[in-house]
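Inside the fold
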Amino acid sequence: MTNPLKPSERMKIPRQHSIEQTAEDRIKNFFEVSFGLNEELALIEAKRCLECKNPVCIEGCPVRIDIPGFIKLILEKDYVGAVNKIREANYLPAICGRVCPQEDQCEIVCLLGKKHEPVAIGKLERFVADYEMANNLFETPVITNHIDKKVAVVGSGPAGLTCAAELAKMGYKVTIFEALHSTGGVLRYGIPEFRLPKKILDIEVDRIKKLGVEIYTNFVVGRTATLDELLDEWGFDAVFLGTGAGTPNFMGIPGENLSGVYSANEFLTRVNFMRAYAFPETDTPIKIGKQIAVIGGGNTAMDAVRTAKRLGAEKAYLIYRRSRTEMPARVEEVMHAEEEGIEFLMLTNPIRIIGDDFNWVKAIECQKMELGEPDESGRRKPVPVQGSEFILEVQTVIEAIGQKPNPIIQATTPGLDVSKKGTVVVDDVQRTSRPNVFAGGDLTRGGATVILAMRDGKIAAEEIHKYLQSVEAKKESATVNK
Amino acid sequence: MYKIVEKQQLSDIITKLVIEAPLIAKKRKAGNFVIIRVDENGERIPITIADSDPQKGTVTIIVQAVGKTTKLLCSLNKGDYVLDFVGPLGEPTPIHNYGTVVCIGGGVGTAEVYPIAKALKEAGNNVIGIVGARTKNLIILEDEMRAICNELYITTDDGSYGRKGFVSDQLQDLINSGIKIDAVYAIGPIPMMKVCANVTRPYKIKTYVSLNPIMVDGTGMCGGCRVTVGGKMKFACVDGPEFDAHEVDFDELIMRNRTYVDLEKISDELYEKHVCKLEGVK
Ligand SMILES: Cc1cc2nc3c(=O)[nH]c(=O)nc-3n(C[C@H](O)[C@H](O)[C@H](O)COP(=O)(O)OP(=O)(O)OC[C@H]3O[C@@H](n4cnc5c(N)ncnc54)[C@H](O)[C@@H]3O)c2cc1C
Ligand SMILES: Cc1cc2nc3c(=O)[nH]c(=O)nc-3n(C[C@H](O)[C@H](O)[C@H](O)COP(=O)(O)OP(=O)(O)OC[C@H]3O[C@@H](n4cnc5c(N)ncnc54)[C@H](O)[C@@H]3O)c2cc1C
Ligand code: SF4
Ligand code: SF4
Ligand code: FES
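1. Overview of empty space enclosed by the protein
As enumerated under the stated definition, the model contains six cavities of 30 Å³ or more in all. Computed from the structure, the largest cavity encloses a volume of approximately 190 Å³. For the lining of the largest cavity, the secondary-structure elements that each account for two or more residues are strand 2 (34-36), helix 7 (93-99), helix 9 (121-134) and helix 16 (331-339) of chain A. The residue inventory of the lining of the largest cavity, partitioned by class, reads four nonpolar, six polar and eight charged. Each of two domains, domain 1 (7-134) and domain 3 (250-401) of chain A, supplies a minimum of three residues to the lining of the largest cavity. For the second largest cavity, the lining is made up of 17 residues, of which Glu 266 of chain A together with Gly 224, Arg 256, Thr 259 and Tyr 260 of chain B are closest to its centre.

This is the structure we're talking about:
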């Protein structure tokens, strides 16, 4: 079925919105905020797509999903066909449909968005992926081609999972090595349940296992075995590094080592990964004050502050030194946070954390900022307003001011080029300075997005394939020439 | 899943477990630790690798039951499994031939200093051991330490065995006796390490301690294990756990380790109740 509506009619349809838990309800639970589009809404939304001759939306998607192609299949009610179309380019559609910053990627360039609101591409992606999951319609691709080569993938975040899936589909023997006791990287320990249910991640990981990918958890490459040992002793022919940027930065202000000060990573890991919200049924504790402050303006900050609210904080402040428009967090998340009663203190910079006699946080001292000249990033640089210091009473402070790559592998792998920022240096096809070592995701970008990590994993898989084929070809020509 | 192949009670509250973990057994060096999670709802806790047997593929840990997780771990038996066991973590101890090294273990800290003392001995040092505890039956690894130390001193707080007093008193005596000490390793409760650091400071004897902040991942990902050393923030799990004792802010560490005392108590009480119930059933 093709779209029966004329473009002018399509443009008249308003953008459809997800069904959501009310703010009042959702701050009392950890269930998903958004239920997505139902079939009826998805069908209306799909009708809005103009089926452009030159679909610029595809250019906006880092993994180049055939967007009009899958939307057309939705119109035909072939939802499984649609999700399979997406899966040609993206093996984790249920995840991307939820957390991908679509508003800055595919949707920002959507032609319909020029005059009207763009097509809700991400929500449609989520709809078909959820439909397939709910109705148990996924079929594991049959791998017919088997290549007798072993690839090690280090880290099971979106970069590693994608690289592993792509290589397995090509027929390689793939093993993932993960330092933590469970897979998913930030998808599991960082992004909270209310944005990405762990059940969905489990299903996606399980599908990757079904492709024949082996997963070792509790394996820290650089400690349990070095990268060179994987190549020389374990017999891997190539390695993909997707170890992310998991080491938290701290501001370096006085009082940071008081009890009650957390990095967002520790806070979210305790709550999401170790399930501290269920303490004492689970053993990992977390402490949260009546008043809490989160420092930062990214997705991590937003997740931390909303998590704190759900754990019972009566006042949850978000302190950010620039203004609202400069906040790197996803618009949808900022909106959700606002609805949940998070108090935004913009153009505010913490200068000191103050402790009580028991070394617990009792307050944070901040300073007002104003926007000055643009800096290297093009954003206007915040400068302190003299005499604007004020004290905010809080018992918990969570710092979400960015992360850098964990240095273990870089420090234990000779010949691997690393930048000053600690990221592994790669070329435009994810090759590192070592011929059989490839890398991508936050490890090479230093804190980016799920979809960019996936893009890197996918390109690396193609490049690893090329590399291993050329090694094979060289071997063959060497024997022929003998 | 990692199998417990041997269990031995070293004292009422200290248990030795030998666990099957061939990769870790092969790679580990003195000073390394593992992170253990006993079961699905369990906490991740760090425990030093006391010894290993690369041939058998086993790792030895020595655990003092102080709270829920360590009690649970100590209650496991030969043939049981722990769910997660990851390592070897931390920077290994740099082993040099210093000359004469004093290796001090306080309480369960003896289990942590033992592998270091052993490695230092193998590197040709003259190793003087001091093992201390509150009372006689808490002294562990005496025979093992005696076997590798050139001299071994025992201290107990109550005088029930060896010299009455603290390990630091014995250290002070050694210094006073005029022998040349080139380095000191002191591992045990934080106050003990702090006092040992204070003893050696005036003599400028290089002193190392192994810090035990609260950890979660043990791989540098959470920053929960941060300690202040020489005025700088360090992550004990990747930068340590060993640090120059004269640079460590011990008071801060003591405070930070108290963060969850009330919650740990709840967890512990629930566990005790559960154990009582089980015993009632028996
Ligand atoms: C709280 C939070 C919220 C976010 N929200 C969003 C969002 O809404 N949308 C979005 O697009 N992006 C979001 N991001 C960013 C996004 O999650 C990351 O860009 C993405 O996860 C990077 O993927 P990765 O595979 O490179 O690394 P990671 O997801 O970090 O995974 C790396 C994995 O490697 C493992 N590892 C590390 N070292 C070793 C080692 N030596 N040996 C073995 N394994 C190792 C780690 O344990 C981890 O599991 C968020 C990030 C955070 C922290
Ligand atoms: C590098 C390192 C090596 C260690 N080696 C040994 C060892 O060889 N043998 C041994 O018996 N103990 C060792 N410990 C201490 C051991 O980790 C703690 O005793 C244990 O975590 C306590 O947990 P619990 O639930 O039994 O007690 P809890 O009641 O939870 O805690 C008791 C005290 O232990 C500390 N603690 C609690 N949770 C943690 C945690 N996740 N990580 C670290 N400390 C915590 C706190 O100071 C707390 O007040 C080591 C600690 C570190 C950091
Ligand atoms: S993966 Fe992200 S960018 Fe690509 S189509 Fe889906 S939502 Fe858009
Ligand atoms: S740009 Fe927008 S309207 Fe055009 S094909 Fe893509 S999604 Fe449809
Ligand atoms: S334990 Fe998490 S960074 Fe050290």
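Having seen the structure, we can now continue with the description.
2. Side note on unusual backbone geometry
Of note, the amide linkage connecting Gly 87 of chain B to Pro 88 of chain B takes the cis form, showing an omega dihedral of -5°. With respect to the helices, strands and loops of the structure, Pro 88 of chain B is situated in strand 7 (residues 84-89). Notably, Leu 347 of chain A is not glycine yet its phi reads approximately 50°, a positive angle. One can find Leu 347 of chain A in the loop between strand 11 (343-345) and strand 12 (348-355). Here Leu 347 of chain A falls in the partly exposed class, since its relative accessible area comes to 22%. For Lys 204 of chain B, which is not glycine, the phi torsion reads 55° and is therefore positive. Relative to the helices and strands, Lys 204 of chain B is located in the loop between helix 6 (190-200) and strand 13 (206-210). The exposure class assigned to Lys 204 of chain B is exposed, which follows from its relative accessible area of 74%.

3. Let's talk about helix 5 (residues 67-75) of chain A
For the α-helix, the turn length of 3.6 residues means that residues three or four positions removed from each other point alike. Residues and elements named next belong to chain A. A large share of helix 5 lies buried, amounting to eight of its nine residues. Residues of helix 5 that are buried include every one of Ile 67, Pro 68, Gly 69, Phe 70, Ile 71, Leu 73, Ile 74 and Leu 75, and no others. The elements touched by buried residues of helix 5 are helix 3 (39-47), helix 4 (56-60), helix 6 (79-87), helix 8 (106-109) and helix 9. Capping the start of helix 5, Asp 66 holds a side-chain oxygen 2.9 Å from the backbone nitrogen of Gly 69, two or three residues further along.

4. Remarks on the site of ligand 3
All residues in the neighbourhood of ligand 3 are listed as Cys 61, Pro 62, Ile 65, Ile 67, Asn 90, Cys 100, Gln 102, Gln 105, Cys 106, Ile 121, Glu 125 and Ile 451 of chain A. Partitioning the shell around ligand 3 into residue classes produces eight nonpolar, three polar and one charged.

5. Digging into the packing of aromatic side chains
Going through the model one piece at a time under the given rule, you end up with 17 aromatic pairs over all chains. Arranged with centres 5.4 Å apart and planes meeting at 0°, the rings of Phe 177 of chain A and Tyr 216 of chain A form a pair that is stacked. Of this pair, Phe 177 of chain A sits in strand 4 (residues 173-177) while Tyr 216 of chain A sits in strand 5 (residues 214-216), and the two are 39 residues apart along the sequence. The interplanar angle of 25° and the centroid separation of 5.0 Å between the aromatic rings of Tyr 185 of chain B and Tyr 208 of chain B together place this pair among those described as stacked. You can see Tyr 185 of chain B sitting in strand 12 (residues 183-187) and its partner Tyr 208 of chain B sitting in strand 13, a full 23 residues away along the chain. Taken as a pair, Tyr 185 of chain B and Tyr 208 of chain B share a single burial class, namely buried. Ring pairing ties together the aromatic residues Phe 177, Tyr 216, Phe 219, Trp 234 and Phe 236 of chain A, which thus form one cluster. Directly above the ring of Phe 138 of chain A sits Arg 207 of chain A, whose terminal nitrogen or CZ lies 4.1 Å from the centroid. One Lys or Arg, Lys 136 of chain B, reaches over the ring of Tyr 161 of chain B and ends 5.1 Å from the middle of that ring.

6. A few points about the site of ligand 4
Around ligand 4, the structure places Cys 49, Leu 50, Cys 52, Cys 57, Pro 68, Cys 110, Leu 111, Val 119 and Ile 121 of chain A. Considering only residue class, the shell around ligand 4 consists of nine nonpolar, no polar and no charged.

7. Notes on the interface of chain B and chain A
The interface of chain B with chain A comprises 45 residues on the first partner and 47 residues on the second. Interface area, chain B with chain A, both sides summed: about 3,900 Å², of which 53% is carbon and sulfur. For chain B, the biggest contributors to the area lost against chain A are Asn 41, Met 221 and Tyr 260 of chain B; these three give 17% of the whole. At the junction of chain B and chain A, the tally comes to six salt bridges. Taking the shortest distance from any N to any O, the salt bridge between Arg 223 of chain A and Glu 91 of chain B comes out at 3.6 Å. Where chain B packs against chain A, one counts 24 residue pairs in polar contact (both at pLDDT 80 or more). Considering every element that reaches the side of chain B that touches chain A, the biggest residue donor is strand 7 of chain B, with six residues. For the side of chain B that touches chain A, a count of residues per class yields 19 nonpolar, twelve polar and 14 charged.

What counts and how
For every chain, the first residue of its written sequence is number 1, and the numbers climb from 1 along that sequence. Chains and ligands are labelled sequentially in the order written, the chains with letters from A and the ligands with numbers from 1. In view of the model being predicted, local features appear only for residues whose pLDDT reaches at least 70, and side-chain atom pairs are presented and counted only at 80 or more, with totals across whole chains, interfaces and linings using the full set of residues. Calculated side-chain values reflect all of the structure's heavy atoms, with hydrogen atoms and water omitted. Any residue with an atom within 4 Å of a point lines the site, the site being either a cavity, points on a 1 Å grid over the protein atoms alone where a 1.4 Å probe fits but cannot get out, or a pocket, an open set with protein on both sides within 12 Å along at least 5 of 7 lines. Grid points are joined across faces, edges and corners, and a volume is the space filled by probe spheres set on the points. Strands are runs of DSSP state E lasting at least two residues, helices are runs of H or I lasting at least four, and both sets are numbered from the N terminus onward. Each residue is assigned to one class: nonpolar for Ala, Val, Leu, Ile, Met, Phe, Trp, Tyr, Cys and Pro, charged for Asp, Glu, Lys and Arg, and polar for all the others, Gly among them. The split of the chain into domains comes from an automatic or database domain assignment. Here's how the labels work: a residue is buried when its accessible area is under 20% of the maximum for its type, exposed when over 50%, partly exposed in between, all with a 1.4 Å probe on protein chains only. Any two residues having at least one pair of non-hydrogen atoms within 4.5 Å are treated as being in contact. Identification of polar contacts relies on pairs of N or O atoms within 3.5 Å, with a donor-acceptor requirement for protein atoms, meaning one able to donate a hydrogen and the other able to accept it, and with residues adjacent in sequence counted only if both atoms are side-chain atoms. If even one non-hydrogen atom of a residue comes within 4 Å of a molecule or strand, that residue is called near it. Each Phe, Tyr or Trp ring (for Trp, its six-membered ring) is paired with any other whose centre lies within 6.5 Å, and the angle between the two planes then decides the class: stacked below 30 degrees, edge-to-face above 60, tilted in between. Cation placement over rings: the criterion is NZ of Lys or CZ of Arg within 6 Å of the ring centroid and within 35° of the ring normal. Put simply, buried area is how much 1.4 Å-probe accessible surface two parts lose in total, over both of them, once they are put together. The salt bridge definition used is simple: a Lys or Arg side-chain nitrogen within 4 Å of an Asp or Glu carboxyl oxygen.

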